[in-house]
Amino acid sequence: MKQDPYPNIRFTIATVTYNAEKTLQRTLDSVAEQTYPHIEHLIVDGCSKDQTMEMVHRYVDANTVQDIPHEIHMIREPDKGLYDAMNKAIENAEGNYICFLNAGDTLHAPDTLTRMAQVIANQKRKPAIVYGETDLVDGNGTFIRHRRLQAPKKLQWRSFKWGMLVCHQSFYTRIDIARKEHYNLDYRFSSDYDWCIRIMKQAAKLKEPIFNSQQILTDYLSEGLTTQNHRDSLQERFQIMVTHFGWLPTVMQHIWFVFRAFLKK
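Residues numbered from 1 in each chain as written. Predicted model: local features only at pLDDT ≥ 70, side-chain atom pairs only at ≥ 80, totals over all residues. Heavy atoms only, no water.

1. A short note on the overall build of the chain
Stage number 1. In terms of regular secondary structure, the chain is built from nine helices and nine strands.
Stage number 2. The C-alpha atoms of the chain give 18 Å as radius of gyration, which agrees with the globular expectation for 265 residues (18 Å, within 12%).
Stage number 3. Reported as C-alpha extents along the three principal axes, the dimensions of the chain are approximately 60 × 45 × 35 Å.
Stage number 4. Expressed as a percentage of its 265 residues, the buried residues of the chain come to 52%.
Stage number 5. Contacts spanning at least 24 positions in sequence make up 78% of the contacts within the chain whose residues lie at least 6 apart.
Stage number 6. When the accessible surface of the chain is totalled, it reaches about 13600 Å², and 52% of it is carbon and sulfur.
Stage number 7. One finds the centroid of the 33 positive side-chain charges in the chain at a distance of 11 Å from the centroid of its 31 negative side-chain charges. (Helix = DSSP H or I, 4+ residues; strand = E, 2+ residues; numbered from the N terminus. Rg over C-alpha atoms; globule rule 2.2 N^0.38 Å. Buried < 20%, exposed > 50% of the residue type's maximum accessible area, 1.4 Å probe, protein only. Contact = heavy atoms within 4.5 Å. Areas by Shrake-Rupley, 256 points an atom, 1.4 Å probe, with all protein chains shown as cover. Lys, Arg positive; Asp, Glu negative; His and termini not counted. Charge placed at Lys NZ, Arg CZ, Asp CG, Glu CD.)

2. Topic: the environment of alanine 128
Stage number 1. Along the chain, the position of alanine 128 falls in the loop between α4 (112-121) and β6 (129-137).
Stage number 2. Taking the C-alpha atoms as reference points, alanine 128 and isoleucine 199, 71 residues apart in sequence, are found 8.7 Å from one another.
Stage number 3. Once you skip the residues sitting within four places of it in the chain, alanine 128 turns out to touch Tyr97, Tyr172, Thr173, Arg174, Ile177, Ala203, Glu208 and Pro209.

3. Quick notes on the nonpolar core
Stage number 1. The biggest cluster of nonpolar side chains holds 40 residues, and the ones touching the most others in it are Ile98, Phe100, Phe160, Phe171, Tyr193 and Trp195.
Stage number 2. Contacts of tyrosine 193, omitting those with residues within four sequence positions, involve Phe160, Lys161, Gly163, Met164, Arg237, Ile240, Met241 and Phe245.
Stage number 3. Membership of the second largest hydrophobic core comes to 31 residues, among which are Leu24, Val56, Leu113 and Ile120. (Core = buried A, V, L, I, M, F, W, Y, C linked by side-chain atoms within 4.5 Å.)

4. Structural notes on a nonpolar patch on the surface
Stage number 1. Nonpolar side chains collect at one region of the surface, where Trp247, Leu248, Met252 and Ile255 lie side by side and expose about 480 Å² of accessible area between them.
Stage number 2. Note on placement: tryptophan 247 falls in helix α9 (residues 247-264).
Stage number 3. Look at tryptophan 247 and you get exposed, because its relative accessible area is 56%. (Patch = residues over 30% accessible without salt bridge, like charges linked within 9 Å, V, L, I, M, F, W, Y side chains within 5 Å. Salt bridge = Lys/Arg side-chain N within 4 Å of Asp/Glu carboxyl O.)

5. Looking at helix α6 (residues 191-206)
Stage number 1. Between its terminal C-alpha atoms α6 stretches 22 Å, which fits the 22 Å expected from 16 residues at 1.5 Å a residue.
Stage number 2. α6 sits mainly inside the fold: 12 of its 16 residues count as buried.
Stage number 3. Where α6 is concerned, the buried positions are Ser191, Asp192, Tyr193, Asp194, Trp195, Cys196, Ile197, Arg198, Ile199, Met200, Gln202 and Ala203.
Stage number 4. Phi turns positive one or two residues past the end of α6, at lysine 207, with a value near 55°. (Expected span 1.5 Å × (residues − 1).)

6. A short note on unusual backbone geometry
Stage number 1. Positive phi, close to 50°, is recorded for asparagine 19, a residue that is not glycine.
Stage number 2. Structurally, the position occupied by asparagine 19 is in the loop between β1 (11-17) and α1 (24-32).
Stage number 3. The phi torsion at cysteine 47 lies on the positive side, around 65°, for a residue other than glycine.
Stage number 4. Counting through the fold element by element, cysteine 47 comes out in the loop between β2 (39-45) and α2 (52-65).
Stage number 5. The exposure class of cysteine 47 is partly exposed, given its relative accessible area of 23%.

7. Quick word on the side chain of histidine 168
Stage number 1. In this fold, histidine 168 is placed in the loop between β7 (143-146) and β8 (171-174).
Stage number 2. Relative accessible area serves as the criterion here: at 4%, histidine 168 is assigned to the buried category.
Stage number 3. For histidine 168, the residues in contact, after removing those within four places along its chain, are Met86, Phe100, Tyr183, Asp192, Trp195 and Cys196.

Here is the structure:
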C-alpha cells in the first residue's frame, strides 16, 4: 500500500453561493478533479432560490459513486451577505488551511493542491499564509490574461499599500490564524482586502512565516461582486487604506495611482 506523504496537511476550499447555478459547476468540477486526497469542500449557501443546491447534491452523489476521497460539507441558512457567509466558513472549516474559491473560480490545475502540500511540507514550520499567482478567465473559463498585480517575492502587510497584490482566491491561510480575524461586515465589497491585511498583521505579531508558492494557484472569474460594484469597492478600499496605513500615506499613494494611470495613456 502506497504511503500517504502528507497526512497532516488538509485544505478547506470554501465556496460561498447564492443563486449560483450559472457559474458553480466549473468550480465543483475543479475541486473534484484535484489529485490531492485531503480536501474538505465546504459550501455555504444563503438559501438559493435557483438550482444551486440541486447541483451540489448531484456533486455529492457523483463523488460518492466515483469514490473520490474529498469530503463535502454544506451549510444552508440565511446570512447577512457574502462576508457573513465567509465568517461561517472560517468557524466551520475542518482543514489546516482555508482558501475561498467563489462560484466560477477554479483551481489552476488538477495537481494544484498536491503542489501546495509539497510546498508546505518542505518548510521547517507550517506557514501562516501561503500565496501565489492568479490568472483571469471569462464566463466560459477561457484565459484572458495574467493578473496585472503580481504577487511579490516576499509579502508583508505593508505590501498591500500598493493595492491587493495577492488575489484573495490565491491566499491560503492557516485556520488557527484565520479564526483570530473575521471579515468586517461594515465593508460590503472589499472586506477581503481588509481581512488579508489583518491576517498578515497577525502573522507578523506571532512571528509566523508567510511563504510564496511561486505557482499559479487560481483561475479567477473576472465578473465577481467587487468587479460589478467597482466604484463602491474603490471607496471602501480608500477607507481601509486610511485605517491601516494612515491618512497622508493613503492620499499620497492615490496621487501616485493617478499619475501612473496618466503615464500609461
